[in-house]
Amino acid sequence: MQNETVQLSLLDDEIANELANESPNVSEDKAADGAQEISRGQGADMSSANSADSDNASDKCGATGQRSEFDRINNVSRAPFRIHDFDTPRDKEMAVFTHAKKLSEYIFVITEKSPKKLRWSIVSRLQNISTELIENLYRANNEREEAARLEYQKRASVCIDLLDFYAETAKRMKAINLHQMSVIARQTSDVNKLLRGWIKSGKRA
């Protein structure tokens, strides 16, 4: 159980890092927009440089307000993302569900930055198969008969194999990077081990 908690904590760190890496891009885009606003404001100030003293004072206040707005936009950062519902439960039998949910969460986070041209092909397949894995786990857990439960467990096992394939393909197509593919491979291996343990136990989670 302690090992599983450490593994999920590491995946939490990966998710946090992926989300943190998005912040500079968001800030830079908004900063550029703020800079354009300031540039237009400064142009307006120069064109009215020969106006009355009251107008000059008003322009300076406007420029100061724009600079403050620029500073506010430039310092925007995304709030930390954390889903506590996916933390490791006390019941060890539920660990397979927890790890599968964390894996799906990670996949959705990293594919937000994938190229748009790939979002309706390999990226959507990667996302869909991660949720299909969770669906099969829940369906297996709701079956009272062992044969029916085993059928859904086998489908979940196939989903794990497909996740490995789609992750490798996504990496080759540059939808994700090597590190992200490695994280998915490590997590699918953990889910697979937990699933096999569940199958061997022959019990409902």
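Our subject is the structure listed above.
Just so you know, these numbers come straight off a predicted model, no measurement behind them.

Can you walk me through the side chain of S130 in this structure?
Here S130 shows up in helix α4 (residues 122-142). Owing to a relative accessible area of 1%, S130 belongs among the buried residues under this scheme. S130 has contacts with S104, I107, F108 and L163, leaving out every residue within four places of it along the chain.

Help me understand the pattern of salt bridges, please; the structure alone is not making it clear to me.
It is possible for side chains bearing opposite charge to pair when their charged atoms get close. Inspection of the entire model under this criterion finds three salt bridges. We note a salt bridge from K102 to E105, for which the minimum N-O separation is 3.7 Å. Here E105 and K102 lie together in helix α3 (residues 95-110), a separation of three residues that amounts to about one turn. In this structure, K102 and E105 share a single accessibility class: buried. For E168, the salt bridge is made with R172, and the minimal N-O distance between the two is 3.5 Å. With E168 and R172 both in helix α5 (residues 146-172) and four residues apart, the pair spans about one turn of that helix. Given the relative accessible area of 43%, E168 is considered partly exposed. The exposure class assigned to R172 is exposed, which follows from its relative accessible area of 55%.

Scoring rules and cut-offs
- Residues numbered from 1 in each chain as written.
- Predicted model: local features only at pLDDT ≥ 70, side-chain atom pairs only at ≥ 80, totals over all residues.
- Heavy atoms only, no water.
- Helix = DSSP H or I, 4+ residues; strand = E, 2+ residues; numbered from the N terminus.
- Buried < 20%, exposed > 50% of the residue type's maximum accessible area, 1.4 Å probe, protein only.
- Contact = heavy atoms within 4.5 Å.
- Salt bridge = Lys/Arg side-chain N within 4 Å of Asp/Glu carboxyl O.

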